[in-house]
Amino acid sequence: MSVAADNPVLTSSLLYLDGVSVSFDGYKALRELSLVLAPGEMRAIIGPNGAGKTTMMDIITGKTRADSGDIYFAGSHDLSHLDEAAIAELGVGRKFQKPTVFESHTVDDNILLALKAPRSAIATLFGRQPANERERIDRILETTRLKDHRARLAADLSHGQKQWLEIGMLLAQDPKLLLVDEPVAGMTDAETAQTAELLREIARDHSVVVVEHDMAFVRDLGVKVTVLHEGSVLAEGALDEVSADPRVIEVYLGR
Amino acid sequence: MIGTEMTQRLLDRNGLVFVGLLLAAAILVPLLALVAPAGSLLHMPPYVVALIGKYLCFALLALSLDLVWGYCGILSLGHGAFFALGGYAMGMYLMRQIGSRGVYANPDLPDFMVFLNWKSLPLTWWGFSSFPYAAVMALLAPGLLAFAFGWFAFRSRVTGVYLSIITQAMTYALQLAFFRNDMGFGGNNGLTDFKDILGFNVQAESTRLALFSLSALALIAGYLIARGIVTSKFGKVVIAIRDAESRTRFLGYRVETYKIVVFTVSAMMAGVAGALYVPQVGIINPGEFAPINSIEAVIWVSVGGRGTLAGAALGALLVNFAKTWFTDALPELWLFALGLLFIVVTVFMPKGILGLLDSMKPLRSPPVIASPTEAKQ
């Protein structure tokens, strides 16, 4: 292990990235990216296209391997050698930019598949249904306002409903950390406001990282903001603080 | 109560009709053949029994393919390989039953080995004089091949058209390998001239009738197992993999394990189909590995209705009846007809015949757990 176990920043963090670099065919998607998220914290990540936001999520969830650097979860789990399933089992949930739900399953079944339960093939083939499954599904459908749509196929939902269903699936998974990629892209203003409310509700007992372009939405969230640029952190702080930062202004307006 | 709950899960309306018809055929065809006088309408001529028996084996192959393709999105263009391996396992047992009745009258070696001047039975043939051993091998050989194939292909995350091409290459490679005499499986000519199965003459009408019924029962069993799988939570995960593989992964399911399990179970079903097929047609040769066979099986499934199980079996029966009629009446047109059928089905009936039947009766409860979205391969 390259990180000392008694590093207090690490042991008290939920997510700890230190000097993470990735390149694809010579293109440096992340350069020495460092980021620390405290347990229970909600964080917004902003940055222009190509800043490395999605790559950062890929690294955390095991989709992409880092070339160098440390990635730790909950202060002790080294994520750099685990696959997607193992990282998800540790308690990292991810929402994609494009709503990704199981289209030919009902809303109910989508949540059922996401519910925290044994994931092995043997358990799903021969396991019995846990008794409180129904209530857990009900509660999540309540939160995501999908109760009236529970028997519909996910394919038949509107764009916004699919986004909420996916957020509902993340809730069902009950992760310690939620990574949310552009949750309001393509939503109406009303849906956007509702989504902000939903995320704040979720943030009460989960840590959340939100990647977003929509500044109004980020303002709505009212949380600490990290600005990424060319694969590393450019600025960090409250939204008003970072948007007054001349370097941030240059990156955003200079293009 | 669990019993009825289970029955309801396994048998929807289409399933009841499907299993009912098969069960009736399995009982009535042999019964009427014994009771009704030969020549009467109720007495199916032996060649028809043999023909339908063969088609039932194809139907089981189609069912197994539908399990991986219709539900898990794995388009296997090499499922004929598993069918053929099951067939070879049975063929080897049947060869050993010939004993000293072969042309060379050698009690220890099949004819082709005597012809090749071999002195002793190769290791691969050990145990095949025992029926239980051969039966286990008919499951194990395709199962192990599928497991090994899946272990490498699915863990390396090969998907889509690339995976299909590899499955095609697999069956082609096996065909080439089995063509070689020194493989020890009869080379080009394969295995034939069978005499007995479990002491009964393979040519006898009663044996044919028994094989017919067994094929129908195997198809029922295959259907119920497949239904059991796709209606379980496991099956929901499998459908989820088909619809959104990466989402399934990020939910914490180990996708490759699920794929390996489904693929292996499916291959074993195909192996059983092959093992029942060989005594009914009386021969197994490397031609069974031909890529075209596997592709035809894909056509059966899409004609009948992908992701419906019963539809896949129905498609196999219908296309093969059509093939038999065409190759008799208009032999030169068959391949054109097959191609046309595939295009018509793909363009106008994406859910196949069963999907079409179901959509014409909107009042019926939805019979398909989940029909595949068209865009997926």
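Thresholds applied
Residues numbered from 1 in each chain as written. Chains lettered and ligands numbered in written order. Predicted model: local features only at pLDDT ≥ 70, side-chain atom pairs only at ≥ 80, totals over all residues. Helix = DSSP H or I, 4+ residues; strand = E, 2+ residues; numbered from the N terminus. Rg over C-alpha atoms; globule rule 2.2 N^0.38 Å. Buried ≥ 20, exposed ≤ 12 C-beta atoms within 10 Å, placed from the backbone. Contact = placed C-beta atoms within 7 Å. Nonpolar A, V, L, I, M, F, W, Y, C, P; charged D, E, K, R; others polar. Axes fitted to C-alpha atoms, helices over the stretch in contact; angles between N-to-C directions. Parallel < 35°, antiparallel > 145°, perpendicular 65-115°, else oblique. Left-handed = near helix turned anticlockwise from the far one by under 90°. Pairing = 2+ DSSP bridges. Core = buried A, V, L, I, M, F, W, Y, C linked by C-beta atoms within 7 Å. Expected span 1.5 Å × (residues − 1). pLDDT = per-residue confidence, 0-100.

Visitor: Would you explain the overall build of chain A in this entry?
Guide: When you go through chain A residue by residue, the secondary structure sums to 11 helices and 10 strands. Relative to the 2.2 N^0.38 estimate, which gives 18 Å for 255 residues, the radius of gyration of chain A is 19 Å and therefore close to what a compact globule would have. Here the C-alpha coordinates of chain A stretch approximately 50 × 45 × 35 Å along the principal axes. Sorting the 255 residues of chain A into buried and exposed places 43% on the buried side. Across chain A, the fraction of contacts at a sequence separation of at least 24, relative to all contacts at a separation of at least 6, is 66%.

Visitor: Honestly, the overall build of chain B in this entry has me stumped. Any pointers?
Guide: Of regular secondary structure, chain B possesses 15 helices and 4 strands. Computed over C-alpha atoms, the radius of gyration of chain B comes to 21 Å, within 12% of the 21 Å expected from 2.2 N^0.38 for 377 residues, which places it in the range of a compact globule. Each of the three principal axes of chain B carries a C-alpha extent, and together these read 60 × 55 × 50 Å. Per-residue burial over chain B gives 48% buried out of 377 residues.

Visitor: Please clarify how the interface of chain B and chain A should be interpreted in this entry.
Guide: Accessible area lost during the coming together of the parts is what is often quoted as the interface size. In this assembly, 23 residues from chain B lie in contact with 22 residues from chain A. When contributions to the side of chain B that touches chain A are tallied by element, the ones reaching two or more residues are helix H9 (233-243), helix H10 (245-250) and helix H11 (255-281) of chain B. A per-element tally of the side of chain B that touches chain A places H9(B) first, with 7 residues. Looking at the side of chain B that touches chain A residue by residue, the classes come out as 12 nonpolar, 5 polar and 6 charged.

Visitor: I tried to follow the packing of helix H6 (residues 131-155) of chain B against H11(B) on my own but got confused; where do I start?
Guide: Each pair of packed helices can be summarised by the angle the axes make with each other and by the distance between the axes. Residue and element names in this part refer to chain B. Axis separation between H6 and H11 bottoms out at 8 Å; the angle between their running directions is 150 degrees. As judged from the angle between their axes, H6 and H11 are roughly antiparallel. With respect to the hand of their crossing, H6 and H11 are arranged in right-handed fashion. Touching Ala138, Leu139, Ala141, Pro142, Gly143, Leu145, Ala146, Phe147, Gly150, Trp151, Phe154 and Arg155 of H6 are Glu256, Lys259, Ile260, Phe263, Thr264, Ala267, Met268, Ala270, Gly271, Val272 and Ala275, all from H11.

Visitor: Just checking my understanding: could you explain the sheet that holds strand S5 (residues 77-78) of chain A for this structure?
Guide: In a beta sheet, neighbouring strands pair by backbone hydrogen bonds and run either parallel or antiparallel. All names here are of chain A. Here 4 strands make up an open sheet; going across it, the order is S2-S1-S4-S5 and the pairing antiparallel. Looking along the sheet, the strands with just one partner apiece sit at the ends: strand S2 (27-37) and S5. Pairing between strand S4 (residues 68-73) and S5: 2 bridges, direction antiparallel. The partner of phenylalanine 73 across the bridge, within S5, is histidine 77. Helix H2 (residues 53-61) contacts strand S1 (15-24), S2 and S4 of the sheet and is inclined by roughly 65 degrees relative to S2.

Visitor: What exactly am I supposed to notice about the nonpolar core here?
Guide: The nonpolar side chains of a soluble globular protein tend to be buried, and buried together. All names here are of chain B. Core analysis: the largest hydrophobic core is formed by 174 residues, its most contacted members being Leu60, Leu61, Ala62, Leu63 and Ala89. Sorting elements by how many residues they give to this core places H11 first, with 16 residues. Ignoring sequence-local partners within four residues, the contact set of leucine 63 consists of Leu219, Gly222, Tyr223, Ala226, Met269, Leu309, Ala312 and Ala313.

Visitor: Just checking my understanding: could you explain the environment of A:Ser34 for this structure?
Guide: Residue and element names in this part refer to chain A. Here serine 34 is to be found in strand S2. For the pair serine 34 and isoleucine 71, spaced 37 residues apart in the sequence, the C-alpha separation amounts to 9.3 Å. Residues within four places of serine 34 in sequence aside, it is in contact with Leu17, Asp18, Gly19 and Val233.

Visitor: It is not clear to me how the pairing of strand S10 (residues 232-237) of chain A should be interpreted in this structure. Could you clarify?
Guide: In regular strands, side chains alternate between the two faces of the sheet. Residues and elements named next belong to chain A. Taken together, the 5 bridges between strand S9 (residues 224-229) and S10 define a ladder with antiparallel strand orientation. Counted as the bridge partner of valine 225 is glycine 237 from S10. Between the end of S9 and the start of S10, which pair antiparallel, lie 2 residues, with glutamate 230 showing a positive phi angle near 50 degrees.

Visitor: Please explain unusual backbone geometry as it appears in this structure.
Guide: Residues and elements named next belong to chain B. The residue asparagine 117 is not glycine, and still its phi comes out positive at about 70 degrees. In this structure, asparagine 117 sits in the loop between helix H5 (111-115) and H6. Residues other than glycine seldom take positive phi values, yet aspartate 193 does so here, at roughly 65 degrees. Tracing the backbone shows aspartate 193 in the loop between strand S1 (191-192) and strand S2 (196-197). Accessibility expressed as a C-beta count within 10 Å gives 15 for aspartate 193, which makes it partly exposed.

Visitor: Please clarify how the sheet that holds S10(A) should be interpreted in this entry.
Guide: Residues and elements named next belong to chain A. Pairing in this open sheet of 6 strands is mixed, and the strands run S6-S7-S8-S3-S9-S10 from one edge to the other. Among the strands making up the open sheet, the edge pair consists of strand S6 (92-95) and S10. For this sheet, the mean angle separating the axes of adjacent strands, direction not counted, is 20 degrees. Across 4 bridges, strand S3 (residues 42-46) lies against strand S8 (residues 207-211) in parallel orientation. Note on S8: the bridge partner recorded for arginine 43 is valine 209. In the packing of H2 onto the sheet, the strands contacted are S3, S6, strand S7 (177-181), S8 and S9, and the crossing angle to S7 comes to about 150 degrees.

Visitor: I tried to follow helix H12 (residues 291-304) of chain B on my own but got confused; where do I start?
Guide: Along an α-helix, a turn takes 3.6 residues, which lines up residues three or four apart on a common side. All names here are of chain B. Here H12 spans 20 Å end to end across 14 residues, near enough to the 20 Å set by a 1.5 Å rise per residue. Most of H12 sits out of view: 10 of its 14 residues are buried. Among the residues making up H12, those that are buried are Asn293, Ser294, Glu296, Ala297, Val298, Trp300, Val301, Ser302, Val303 and Gly304. For H12, the elements touching its buried residues are helix H3 (46-69), helix H4 (79-98), helix H7 (160-179), helix H13 (310-329), helix H14 (334-348) and helix H15 (352-360). Phi turns positive, to about 130 degrees, at glycine 305, one or two residues after H12.

Visitor: Which parts of the structure should I look at to understand the confidence of the model for chain A?
Guide: For any part of a model where pLDDT is low, the fine detail of the predicted coordinates should not be relied upon. On average, residues of chain A score 89 in pLDDT, and 96% of them reach the 70 mark or higher. For chain A, the element scoring lowest by mean pLDDT is helix H11 (residues 246-253) of chain A, at 83; helix H4 (residues 107-114) of chain A scores highest, at 96.

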